[in-house]
Amino acid sequence: MAEAASPNSPSLAEQYFVKEKEEKTDAGPKPTEFKEVENPKEAATQEAAVEKTVEAVDEKAVEETPTASEESSEATPPAEEQSTDPTSDAPEVSSDAVTEQSSGNTEEENVGDQVSAQETPEIKLETAPADFRFPTTNQSRHCFTRYVEYHRCVAAKGDGAPECDKFAKYYRSLCPGEWVDRWNEQRENGTFPGPL
Amino acid sequence: MKSKWLFLTIAPCDAAEPWQLGFQDAATPMMQGIIDLHHDIFFFLILILVFVSRILVRALWHFHYPKNPIPQRIVHGTTIEILRTIFPSIIPMFIAIPSFALLYSMDEVVVDPAITIKAIGHQWYRTYEYSDYNSSDEQSLTFDSYTIPEDDLELGQSRLLEVDNRVVVPAKTHLRIIVTPADVPHSWAVPSLGVKCDAVPGRLNQISISVQREGVYYGQCSEICGTNHAFTPIVVEAVPSKDYGSRVSNQLIPQTTGEAEAEMKE
Ligand SMILES: [Cu+2]
């Protein structure tokens, strides 16, 4: 019993503390980036030899053909529940399906390439930080304040001032689109209730 | 072959199962804390139960009328009255301390979140908005999440729990979920994540969670919101954070290019 209370047993807070390898200090000026447009072609060709083709495509394949996912049922845990039916003729079916998949895959690639050539959106894991002014569960004011801040910033610094962009990001992160639309409308009509 | 033995694996249970009495497995520190608190309190609860039942049964046994035809006329005993007032009031205090500690730690936003997801309740579906990545008011990644009707269920899917579009979140990342409805009060509750947040019209409720492992988590609406209240489930899919980017951009690309093309045509 005594060793249970030994000094190096972790406290409750330590026990529950989220251990993060991937902990990123988002508050900092340069957030870690997920430049993730992971070239679909490359991934596909590498894994074509292995029978795990499915896994590479499965995100895209979920919508179209969940046929080939039988064999990958243990390889890809979350995405497919529908793949759990153990068909008796699984081998033939799956080999067919894999070729089917890979053909579908090439189409996908082409589309993917065109798209990524056109545009490579870059996902930064970054959002409005926790604001000490709004420590409560209710964040309605937070959203509203950020919206007002942005428009005051634009009013002061002129349209498209780069220092206002962060406020725009914040209010878009926090406010439901419906609210923003309504407020935009109100601003156009001059009936916006906030201090602008 | 392997799928035959799948049931033997000790897989965490993140959805309700038939005749379930206990909790679903925890996927966030919050839920772990809730389960631990529950077990701690249950210790005292059992203790009190045993003690009270013993007194009760003993009294019934010994003061049964064939044994004790003439009841004793004791109506007052200062010592025992003090004791039985003090002790029951101390016990709740001891229960309250960890309970409040947990309650306030759940509210607290310790770290800046990395992602904000808006969960908007409708009669009777849910809309999710990912607006961290858009550069205008219109672009945000928004999708509706409807329950899958009973007739369309596939083998292995849970009735009234499955939806057509899941909320994809990265695991081991701090998330801020903004819960609000567009019409009547709803709620956003996922037991495995230890989350139950009411959605109140005109108000944005924030919950901050960090899913500790990849998986699919199921929840249901917990606020009577109308006839189809039972048909607005929640499915959260936690993916490794390196896959999250591609998930989101795969969904973003069609939208943004669609808009770009539209603009080019104009
Ligand atoms: Cu409801």
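It should be noted that the structure appears before, not after, this text.
Computed from a prediction, not measured in an experiment: that's the story for all the values here.

### Focus: the state of the cysteines
Defined simply, a disulfide is a covalent bond joining two cysteines at their sulfur atoms.
All names here are of chain A.
Then, in step 1: Across all of its chains, the model carries two disulfides over all chains by this definition.
Then, in step 2: Across a sulfur-sulfur distance of 2.1 Å, Cys-143 and Cys-175 are joined as a disulfide pair. Disulfide Cys-143 to Cys-175: torsion about the S-S bond roughly 115°, handedness right-handed. Remark: Cys-175 occurs in the loop between α6 (165-174) and α7 (177-189) and Cys-143 occurs in helix α5 (residues 140-157); sequence separation between them is 32 residues.
Then, in step 3: According to the relative accessible area criterion, Cys-175 is buried, its value standing at 1%.
Then, in step 4: A sulfur-sulfur distance of 1.9 Å marks the disulfide that ties Cys-153 to Cys-164. The chirality of the disulfide connecting Cys-153 with Cys-164 is left-handed, given an S-S dihedral of about -85°. Separated by eleven residues along the polypeptide, Cys-153 in helix α5 and Cys-164 in the loop between α5 and α6 bring together distant segments of the chain.
Then, in step 5: Since its relative accessible area comes to 9%, Cys-153 is described here as buried.

### Here's the deal with the coordination of the copper ion
Residues and elements named next belong to chain B.
Then, in step 1: Each protein donor to the copper ion is listed here as Cys-221 (SG), Glu-223 (O), Cys-225 (SG) and His-229 (ND1); together their distances run 1.9 to 2.4 Å.
Then, in step 2: For the copper ion, the four donor atoms are set out with angles of 87 to 127° between them, so the coordination reads as tetrahedral.
Then, in step 3: Read from N- to C-terminus, the donor residues coordinating the copper ion fall into the pattern C-x1-E-x1-C-x3-H. The exposure classification of Cys-225 matches that of His-229, with both residues buried.

### Points about the pairing of strand β10 (residues 234-239) of chain B
The side chains of a regular strand alternate between the sheet's two faces.
Then, in step 1: In terms of burial, β10 of chain B is largely enclosed, as six of its six residues are buried.
Then, in step 2: Here β10 of chain B shows two buried faces, one formed by Ile-234, Val-236 and Ala-238 of chain B and the other by Val-235, Glu-237 and Val-239 of chain B.

### What to know about the pattern of salt bridges
Then, in step 1: On inspection of all chains with the given rule, the structure shows eight salt bridges over all chains.
Then, in step 2: Taking the shortest distance from any N to any O, the salt bridge between Lys-157 of chain A and Glu-163 of chain A comes out at 3.9 Å.
Then, in step 3: The salt bridge partner of Glu-129 of chain B is Lys-118 of chain B, with a shortest N-O separation of 3.2 Å. Of this pair, Glu-129 of chain B sits in strand β2 (residues 125-130) while Lys-118 of chain B is found in strand β1 (residues 115-122), placing the two residues eleven residues apart along the sequence. The same class applies to Glu-129 of chain B and to Lys-118 of chain B, which are both buried.
Then, in step 4: Residues participating in the shared-partner salt-bridge network are Arg-133, Arg-146 and Glu-149 of chain A.

### What about α7 of chain A?
Counting along an α-helix, one turn takes 3.6 residues, and residues three or four places apart therefore face a common direction.
Then, in step 1: Its 13 residues place the ends of α7 of chain A 18 Å apart at the C-alpha level, agreeing with the 18 Å of an ideal helix rising 1.5 Å per residue.
Then, in step 2: Along α7 of chain A, the positions that sit buried rather than exposed are Gly-177, Trp-179, Val-180, Trp-183 and Asn-184 of chain A. Projected down its long axis, α7 of chain A carries its buried residues within an arc of 155°, all on one side. Summarising the geometry of α7 of chain A, the exposed residues directed more than 90 degrees from the buried face are Glu-185 and Asn-189 of chain A.
Then, in step 3: Residues of α7 of chain A that are buried make contact with α5 and α6 of chain A together with β1, β2 and β5 (174-181) of chain B.
Then, in step 4: Residue Gly-190 of chain A follows α7 of chain A closely and has a positive phi angle near 75°.

Conventions adopted
Residues numbered from 1 in each chain as written. Chains lettered and ligands numbered in written order. Predicted model: local features only at pLDDT ≥ 70, side-chain atom pairs only at ≥ 80, totals over all residues. Heavy atoms only, no water. Disulfide = S-S within 2.5 Å. Helix = DSSP H or I, 4+ residues; strand = E, 2+ residues; numbered from the N terminus. Buried < 20%, exposed > 50% of the residue type's maximum accessible area, 1.4 Å probe, protein only. Donors = N, O, S within 2.8 Å, 3.2 Å for Na, K, Ca; no water. Tetrahedral: all angles 85-135°; square planar, octahedral: opposite > 155°, others 65-115°. Salt bridge = Lys/Arg side-chain N within 4 Å of Asp/Glu carboxyl O. Expected span 1.5 Å × (residues − 1). Arc of directions from axis to C-beta. Contact = heavy atoms within 4.5 Å.

Limitation: the analysis is restricted to geometry and does not speak to function.
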